[in-house]
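# Coordinate analysis (summary)
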Amino acid sequence: MNLDFSNLKRKEINYSGIMSFFRSQEPMKVIACDIKLRDNVDSNVLQQAVDRTLERMPYMGDTFVEENGLFYYAENPLPMVVRETDVYPHVGGSETNYHMLDVICHDNVISISMFHSFCDGVGFGKFIETVLYYYFCVKDGVDYEPNGTVTHHTVMTEAETFEPYGATYSYDPAALSEVPRPGESFVLPEITGTGGDFYKSMKAVIPEKNFVDYAKSLGSSPSVVLAMMIGEAIEIVHPDHEKPIVGFLPASTRLGLGCPETFKNTIGYMALTLNSPELDKLSFGERAANIRKIQKLQMQPDVVRAQTNYTIDACHKIEKIPGGYWDKLKAMMGFRASNTSMGSFMFDYVNILNSHTYYENIVDLEVVAEPVGLSVTAYGLDGMIHLYFLFKDDMSCYGRAMNEVFKKHGFDSKFSEPVERQSPPSTGWREILNDN
């Protein structure tokens, strides 16, 4: 369908997602979430679920309007159409009616895709949760309790669409001095930057309650303990590494910024140094408790606000670059930050789903995204932690080393052999530049 962008109702500038427009010469790749059900998906019921989701959260159906190289949220009058296919779409272009989120299905799989500039993982998770809620409500003929999911049981508020990067934040500079800064980190030598249009995935499943209890017994958190275990796997493969192993963990900064309900990007990163001469003198439990304290320090509101201000400042520098989108992109490609390291590995502990009785009908959930180096994703579902290793280069050695680590810590879990997957396609949002 065609869309006359000149007549769309324009909203606020998308400051919080602006970096995704200028990250590289090529558009960002699609990020998708595959939800596998026990039964085949009813596409008609799924369409009803999407429609009801957009009735409650109409902002999830927005598109973007570009002006002078900046992007504004705008109401999109075109429908979000559920299609029966197993091919991920170029989200954001005409293929998805210029929606920045999209829903497809095939067999027993619901695939929901996004363009990361539109929202972050938490916002994406809110949309996924609500679609699933209405899918099972319609399918089962039951008005399920929301249990924290955004539904018709609550009224939409302005807090849900709050722009977190619209203005700078005040903070206490003294809080920054408490946070240790990681130095250079060990870079996995297997990373070549190649791999083409395919990546590999390895999976392990861990009993969630047992693992959470184990982390708590160490005075730590599941994300820290899992990150440390990944670090131990790296040490098994490379016992003679000289630089410290550093895990980078994406983290929502909503609480620190005081906007817990927004669907927009509030993503920050925690850098956790997992070994050093000082840490190596401690037991595993002592290190886990120590690193947990550092994790908490990095999530203090004052620290979060200070780091967010750096990003806001960068957003406004982009805004001041003269010319349109291509002028701004060219200028941004000429500027490469010196500190672009993302540590030894990326690790995202995802809390996508609240607890619902109908989740017993969900067999598996997998985030589909092109990995950078060794990318690790973990999420809880039906009493289990599903742990994925994603990589383009041959890094199956780390999954096999994790099997030794699991055994060392008393968990009877094993990684599967690597499965090859095709990388998701590029987003299609640049079509709005031609159609606008």
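Here, the structure is the one placed above.
Please read these numbers as outputs of a predicted model, since none were measured by experiment.

## What about unusual backbone geometry?
With the exception of glycine, most residues fall at negative phi, and the peptide bonds are largely trans. In this structure, Asn97 is a non-glycine residue whose phi angle is positive, near 55°. Turning to its location among the elements, Asn97 is positioned in the loop between β5 (83-84) and β6 (101-106).

## What about the sheet that holds β5?
Spatially, 5 strands are ordered β5-β6-β7-β2-β12 in an open sheet, and the strand pairing comes out mixed. Every interior strand has two partners, whereas the edge strands, β5 and β12 (362-368), have only one. Bridge count for strand β2 (residues 31-37) against strand β7 (residues 109-114) is 6 bridges, and the pairing is antiparallel. Its bridge partner lying in β7, Ile31 is registered against Met114. Contacts from helix α1 (residues 43-56) reach β5, β6 and β7, with the element oriented near 165° to β6. Sheet contacts for helix α2 (residues 121-140): β2, β6, β7 and β12; angle to β2, the most-contacted strand, approximately 30°.

## What about the pairing of β7?
With 6 of its 6 residues buried, β7 lies for the most part within the structure. Alternating residues of β7 divide into Val109, Ser111 and Ser113 and Ile110, Ile112 and Met114, and every residue in both groups is buried. Of the strand pairs in this sheet, β6 and β7 are connected by 6 bridges, and their pairing is antiparallel. Paired with Val103 across the strands is Ile112, a residue of β7. Connecting β6 to the antiparallel partner β7 that follows it, the hairpin turn spans 2 residues, and Asp107 within it adopts a positive phi of roughly 50°.

## What to know about the packing of aromatic side chains
Each pair of aromatic rings is reported with the distance of its centres and the angle of its planes. If you walk through the whole model with that rule in mind, you get 30 aromatic pairs. Between Phe21 and Phe115 the ring centres are 5.5 Å apart and the planes differ by 80°, which places this aromatic pair in the edge-to-face class. Linking Phe21 in the loop between β1 (10-13) and β2 with Phe115 in the loop between β7 and α2, this pair joins segments that are 94 residues apart in sequence. Aromatic pair Phe64 and Phe118: ring centres 6.0 Å apart, planes at 65°, arrangement edge-to-face. A residue pair is termed long-range when its members are at least 10 positions apart, and Phe64 in strand β3 (residues 63-67) and Phe118 in the loop between β7 and α2 qualify at 54 residues. Residue Phe64 shares its accessibility class with Phe118, and that shared class is buried.

## Notes on the pattern of salt bridges
Opposite charge on two side chains permits them to pair, given that their charged atoms come into close proximity. Here the structure, examined in full by the defined rule, presents 18 salt bridges. With a shortest N-O distance of 2.3 Å, Arg10 and Glu67 are connected by a salt bridge. Placement of Arg10 in strand β1 and of Glu67 in strand β3 is noted, with a sequence separation of 57 residues between them. For Arg10, a relative accessible area of 39% corresponds to the partly exposed category. Between Arg83 and Asp102 there is a salt bridge whose closest N-O contact spans 2.8 Å. Taken together, the positions of Arg83 in strand β5 and Asp102 in strand β6 put the pair 19 residues apart, joining distant regions of the chain.

## Considering the packing of helix α4 (residues 222-237) against helix α6 (residues 284-298)
If you want to describe how two helices pack, look at the angle between their axes and the distance between the axes. For the pair α4 and α6, interaxial distance at closest approach is 9 Å and the crossing angle is 120°. Taken together, the axes of α4 and α6 lie oblique to each other. Of the two possible hands of crossing, α4 and α6 adopt the one that is right-handed. Residue-level contacts link Ser223, Val224, Val225, Met228, Met229 and Glu232 of α4 to Phe284, Arg287, Ala288, Ile291, Arg292 and Gln295 of α6. Among the residues forming the contact of α4 with α6, the class breakdown is 7 nonpolar, 2 polar and 3 charged.

## Notes on the packing of α4 against helix α9 (residues 396-408)
Contact geometry of α4 with α9 gives a least axis separation of 8 Å together with a crossing angle of 115°. Regarding α4 and α9, the two cross each other, and that crossing is right-handed. On α9, the residues that touch Met229, Ile230, Glu232, Ala233, Ile234, Ile236 and Val237 of α4 are Cys397, Tyr398, Ala401, Met402, Glu404, Val405, Phe406 and Lys408. The residue inventory of the contact of α4 with α9, partitioned by class, reads 12 nonpolar, no polar and 3 charged.

## Describing the environment of Glu420
Within the secondary structure layout, Glu420 lies in strand β15 (residues 419-422). A relative accessible area of 52% places Glu420 in the exposed class. Residues Glu420 and Ser201 lie 219 residues apart in sequence; the distance between their C-alpha atoms is 6.4 Å. The contacts of Glu420, once residues within four sequence positions are left out, are Phe198, Tyr199 and Lys200.

How each quantity is defined
- Residues numbered from 1 in each chain as written.
- Predicted model: local features only at pLDDT ≥ 70, side-chain atom pairs only at ≥ 80, totals over all residues.
- Heavy atoms only, no water.
- Helix = DSSP H or I, 4+ residues; strand = E, 2+ residues; numbered from the N terminus.
- Pairing = 2+ DSSP bridges.
- Contact = heavy atoms within 4.5 Å.
- Axes fitted to C-alpha atoms, helices over the stretch in contact; angles between N-to-C directions.
- Buried < 20%, exposed > 50% of the residue type's maximum accessible area, 1.4 Å probe, protein only.
- Phe/Tyr/Trp six-rings, centres within 6.5 Å; stacked < 30°, edge-to-face > 60°.
- Salt bridge = Lys/Arg side-chain N within 4 Å of Asp/Glu carboxyl O.
- Parallel < 35°, antiparallel > 145°, perpendicular 65-115°, else oblique.
- Left-handed = near helix turned anticlockwise from the far one by under 90°.
- Nonpolar A, V, L, I, M, F, W, Y, C, P; charged D, E, K, R; others polar.

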